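Below, each chain spelled out in residue letters.
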Amino acid sequence: MVGCLFISFSLLTSTVPIPGIYLLLGACLLLLVVPHLLISSTNEKQKENTKMKRHHPSPEQQEQEFSADDPCIQETCDEDPLKSKYDSSHDDSSDDSFHFEYESFAKRSKFYNGRQDDEVAGKVGFLKTEQLKTEHVADDYDNDSVNDNLRREIDKDGMYAFCCCNCSCLENEKKHHLYSLVNNCGNTSGDNGRGNTKLYHRACCHYDRKEQSEDYLSPVQVAVDKALASMGTESAERAKPISHIISKYKQGQRDATKYENEEWDEAKDCSIYSNPVYIQCCKDFQCRIKGSKRKTPLRVLDLFCGIGSGTVVLKKLKLPLGTVVHVEHDPVAVEVSKFHHKNDGIRHVYLESFEEVYGSGEDPDEEILNSVIENYGPFDLILAAAPCQNYSQVNAYKSKKKESAKYLLKVGFLIEAMNKLQRKEHSATRDLLFLSENVVFREDLKLRINSLEAINKSYRAIDGCGLQPIQLDAKDFSPCKRNRFYWCNIPVRSIEGIKNVASHVSADVCLDEGFLMSERVLELEGFHEYARAVVKANAFMASSSRINDNRMIKIKNEEGRYYIHTYSVREREKMLGLPLGYVEDAVNNLFRSLTGDAFLKPETIEGTSHRNFLDQSLWHFRKKCYFKIKPRFNEPPFFQIEISAPREGKQKLEYFDEDSYSKHLLGNGWSLPVVEHLLEPLQELFDKEDLKTYPLCNYNYPWEPYASNGRTEVSVPEVEL
């Protein structure tokens, strides 16, 4: 290089003609560039060879990687930590079955010290002996095979891991990048296999977009390593001083005032009684029940139905139901509803989006609406709980211009359009009954077309006056708060009789044994300024930052030592009036199935994917959700999954584990005692002998005035997992 520079300088200072100088300079530049290009090409080939070796290790490499000479594998200890702590029997009587060796993750981990004991395999209680399903089933969604370029260049039989089927990259990023596809670090197959070399993860799903090194570990293995590394180092729960409890309590009260908008308006039901539209609705309902009683079951359209709380209320009221069309886009919430509402003599239909009923325009699509009515209707009742994030004062990302902000308004348009269409095309003689719920919001929010006045008129208007919502707070019916607007054309009975009793019920009646509300502890310690005769639990919220915040704390007293916890899932279910285990059992069953059949087994069995193990009814989760894999400390399988919830107007996805997802769903749910009070007049549509008892929903709430009505609280039957 130095020589070339010297020649160039000499030519510039000589008397050689200009064209000749240019030719000589060009030759010098070639001498500089060509060797560099050759070196770069060689390096790229070396990188590609390394990558191919990583995906397809030679037998010698496999033997070397997992040989008995590996110092990590030779590590021993007197007692296997997994065996001693989680020893459980397994059935190995069938020759046609095989054992899922979860321990392959543990054995490959440098933090595992029990590799000398082969009997550990199969003894983790999480896994059972099962027979491998080898047949691949066709799928309604696009297949999970890696793209054609990858199949030609790397692996024709490769499959994406369950967590990587739903790529979150932008369209212009979804190009063929070899660096973004990595398998389980070239694990060996066969009898001594420790991984699945045919299963590929996207680096862009779990890691930075950069070349992965040859010691790449799958996301599951990384989580297991972290969990095993911390085994035995966990610290015991520590008691908190009373000053800490006071601080938490004060912050929780400040947050409650801010989030629940208690400074705005107290709940009241009297104002609607002078509303001319509501008065007309009451007259129409009275005419309906004065005639002959219904002999046909109700057909219900349940919009934004969530976990199916509305269906629970209708069953609890013993109303005969023929068809219930559930419209919900959260797949976890849908699984909760499906888990319980089946084999009950009701036709349950599940639609994913509001647009499947309404259309995508500003006004209802008459053709789509008519198709829904023909297939599932005509409908008698509409329930709705449109997304509230764009009306809530605590949502930092709210925008009245977003499409989701229009759903509350569109529900009103839908009801009016369906009334006209059912009368015109389907010989309906009565208007639809409806109940639509949302958060309490001020009229001066300047919501433009979504103002409270515009929303009221969308449900029904007479002489320019819209249907005013009734404002009710769950604290007048139950041990927890939940202040909400309800638009309905069903006569609302006075709440005074219930309020006089239920408003004096404290949340203490719903707490697990040994726990106290913060106010009770402070009073016991002599801080009488915090004493309250009645203590209500603050409103449950759905955001990941608020499901377990200071508003949700309870205190455990152990011989004068205080430990701070937050309300459990079952306590929240009880306060909202749901059957115990309604959400928790269904969500735990779902997470258990996905953890074992979509992640653990495919990661450990060569040549398999979720299609070999997971129930086909759950395959759609890989296309509708995103997943994170985190360590699960001190409990097999030593990793856990987190599932993303729908954005709901938020800028970033929120991820929840099984416990927090249950609390998230309950934060979006209804207070059943309130909705039951509003829908109770529907019983008058039927003769008493025609009312139907549903086993799951034949219970009373465990507080007065409900508890003494003759029925007892029930739990959801145990389901074998």
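Rules used in this analysis
- Residues numbered from 1 in each chain as written.
- Predicted model: local features only at pLDDT ≥ 70, side-chain atom pairs only at ≥ 80, totals over all residues.
- Heavy atoms only, no water.
- Pairing = 2+ DSSP bridges.
- Helix = DSSP H or I, 4+ residues; strand = E, 2+ residues; numbered from the N terminus.
- Axes fitted to C-alpha atoms, helices over the stretch in contact; angles between N-to-C directions.
- Phe/Tyr/Trp six-rings, centres within 6.5 Å; stacked < 30°, edge-to-face > 60°.
- Buried < 20%, exposed > 50% of the residue type's maximum accessible area, 1.4 Å probe, protein only.
- Lys NZ or Arg CZ within 6 Å of the ring centre and 35° of its normal.
- Salt bridge = Lys/Arg side-chain N within 4 Å of Asp/Glu carboxyl O.
- Contact = heavy atoms within 4.5 Å.
- Patch = residues over 30% accessible without salt bridge, like charges linked within 9 Å, V, L, I, M, F, W, Y side chains within 5 Å.
- Areas by Shrake-Rupley, 256 points an atom, 1.4 Å probe, with all protein chains shown as cover.
- Lys, Arg positive; Asp, Glu negative; His and termini not counted.
- Charge placed at Lys NZ, Arg CZ, Asp CG, Glu CD.
- Parallel < 35°, antiparallel > 145°, perpendicular 65-115°, else oblique.
- Left-handed = near helix turned anticlockwise from the far one by under 90°.
- Nonpolar A, V, L, I, M, F, W, Y, C, P; charged D, E, K, R; others polar.
- Core = buried A, V, L, I, M, F, W, Y, C linked by side-chain atoms within 4.5 Å.

Student: Would you mind going over the sheet that holds strand E16 (residues 627-631) with me for this structure?
Tutor: Paired through their backbone hydrogen bonds, the strands of a sheet run either parallel or antiparallel. With antiparallel pairing, the three strands of this open sheet are ordered in space as E16-E17-E18. The two strands at the open ends of the sheet, each matched to only one other strand, are E16 and strand E18 (654-656). The average angle at which neighbouring strand axes cross in this sheet is 35°, direction not considered. In this structure, E16 lies alongside strand E17 (residues 639-645), joined through five bridges in antiparallel fashion. Bridge assignment links Pro-631 to a residue of E17, and that residue is Phe-639.

Student: Would you mind showing me how to read the packing of aromatic side chains here?
Tutor: For any pair of aromatic rings, geometry is given as the distance between the ring centres together with the angle between the planes. If you walk through the whole model with that rule in mind, you get 18 aromatic pairs. Ring centres 6.2 Å apart and planes at 75° place the aromatic pair Phe-540 and Tyr-567 in the edge-to-face group. Of this pair, Phe-540 sits in the loop between helix H19 (518-524) and strand E14 (553-558) while Tyr-567 sits in the loop between strand E15 (561-566) and helix H20 (569-576), placing them 27 residues apart in sequence. For the pair shown, Phe-540 and Tyr-567 are each scored as buried. Each member of the aromatic cluster is reached from another via a ring pair, and the members are Phe-304, Phe-354, Tyr-358 and Tyr-407. The ring of Tyr-699 is capped by Lys-316, whose NZ or CZ atom sits 5.1 Å from the centre of that ring. Here Lys-338 stacks its cationic end above the ring of Tyr-350, 5.2 Å away from the centre of that ring.

Student: When you look at the pattern of salt bridges in this model, what are you seeing that I'm missing?
Tutor: Think of it this way: side chains of opposite charge can pair up when their charged atoms draw near. Throughout the structure, instances matching the rule amount to 24 salt bridges. The salt bridge partner of Asp-380 is Arg-294, with a shortest N-O separation of 3.1 Å. Pair noted here: Asp-380 is in the loop between helix H15 (366-376) and strand E7 (381-384) and Arg-294 is in the loop between helix H11 (276-290) and strand E4 (298-303), with a separation of 86 residues, a long-range link. The buried category is assigned to Asp-380, whose relative accessible area is 18%. Of the charged contacts in the structure, one is a salt bridge between Lys-315 and Asp-344, with a shortest N-O distance of 2.6 Å. Of the two residues, Lys-315 sits in helix H12 (residues 309-316) while Asp-344 sits in the loop between helix H13 (331-340) and strand E6 (347-351), which places them 29 residues apart along the sequence.

Student: Any chance you could explain the side chain of Asn-419 here in plain terms?
Tutor: Looking at the element boundaries, Asn-419 is found in helix H16 (residues 407-425). Residues within four places of Asn-419 in sequence aside, it is in contact with Asp-431 and Leu-432.

Student: It is not clear to me how the sheet that holds E15 should be interpreted in this structure. Could you clarify?
Tutor: With antiparallel pairing, three strands are arranged side by side in an open sheet as E13-E14-E15. Looking at strand neighbours, the two that pair on one side only are strand E13 (515-516) and E15, the edges of this open sheet. By the bridge criterion, two bridges tie E13 to E14 in an arrangement that is antiparallel. By the bridge assignment for E14, Phe-515 is matched with Lys-556.

Student: What should I look at first to understand the environment of Thr-608 in this one?
Tutor: Inspection of the secondary structure puts Thr-608 in the loop between helix H21 (584-604) and helix H22 (621-624). Sequence-wise, Thr-608 and Met-159 are 449 residues apart; in three dimensions their C-alpha atoms are separated by 8.4 Å.

Student: When you look at a negative patch on the surface in this model, what are you seeing that I'm missing?
Tutor: On the surface, Asp-365, Glu-366, Glu-367, Glu-374 and Glu-425 cluster together to form a negatively charged patch. Counting residues per element, the negative patch draws most heavily on H15, at three residues. The class for Glu-374 is exposed, based on a relative accessible area of 54%.

Student: Where do I start with H12 in this structure?
Tutor: Each full turn of the α-helix corresponds to 3.6 residues, which orients residues three or four apart in the same direction. Across the eight residues of H12, eight count as buried, placing the element largely inside the fold. Turning to H12, its buried residues number three or more, namely Ser-309, Gly-310, Thr-311, Val-312, Val-313, Leu-314, Lys-315 and Lys-316. Contacts made by the buried residues of H12 are with E4, strand E5 (321-327), E6, E7 and helix H24 (672-679). Positive phi appears at Lys-318, one or two residues downstream of H12, with a value of about 65°.

Student: Explanation requested: the packing of H21 against helix H23 (residues 658-667) in the structure shown.
Tutor: For any two helices packed against each other, one specifies the crossing angle of their axes together with the interaxial distance. Where H21 contacts H23, the two axes come as close as 9 Å, and the packing angle between them is 140°. Comparing the axis directions of H21 and H23 gives the class oblique. The interaxial crossing formed by H21 with H23 has right-handed handedness. Facing H21, whose interface residues are Glu-584, Val-587, Asn-588 and Phe-591, H23 presents Glu-658, Tyr-661, Ser-662 and Leu-665. Here the contact of H21 with H23 is composed, by residue class, of four nonpolar, two polar and two charged.

Student: Any chance you could explain the pairing of strand E8 (residues 433-439) here in plain terms?
Tutor: Taken residue by residue, a regular strand's side chains alternate between the two faces of the sheet. Burial within E8 is extensive, with seven of its seven residues counted as buried. Across four bridges, E7 lies against E8 in parallel orientation. In the strand pairing of E8, Leu-381 is matched with Leu-433. When E8 meets strand E12 (residues 483-488), the two strands line up antiparallel, connected through five bridges. Bridge pairing links Asn-438 to Phe-485 in E12.

Student: Just to check I follow, could you spell out the nonpolar core for this structure?
Tutor: As a rule of thumb, nonpolar side chains are buried together in soluble globular proteins. In this structure, Leu-301, Leu-303, Leu-679 and Leu-682 are the most contacted members of the largest nonpolar core, which totals 144 residues. Ranked by size, the runner-up nonpolar core spans eight residues in total, among them Ile-245, Ile-246, Tyr-530 and Ile-555.

Student: Honestly, unusual backbone geometry in this entry has me stumped. Any pointers?
Tutor: The phi angle of most residues is negative, glycine excepted, and most peptide bonds adopt the trans form. Note the cis peptide between Gly-377 and Pro-378, where omega equals -5°. Of note, Pro-378 is situated in the loop between H15 and E7. Positive phi values are uncommon outside glycine, yet Ser-427 reaches one of about 55°. In this structure, Ser-427 sits in the loop between H16 and E8. A residue is classified by how much of its surface remains accessible, and Ser-427, at 62% relative accessible area, is exposed.

Structural measurements only, silent on function.
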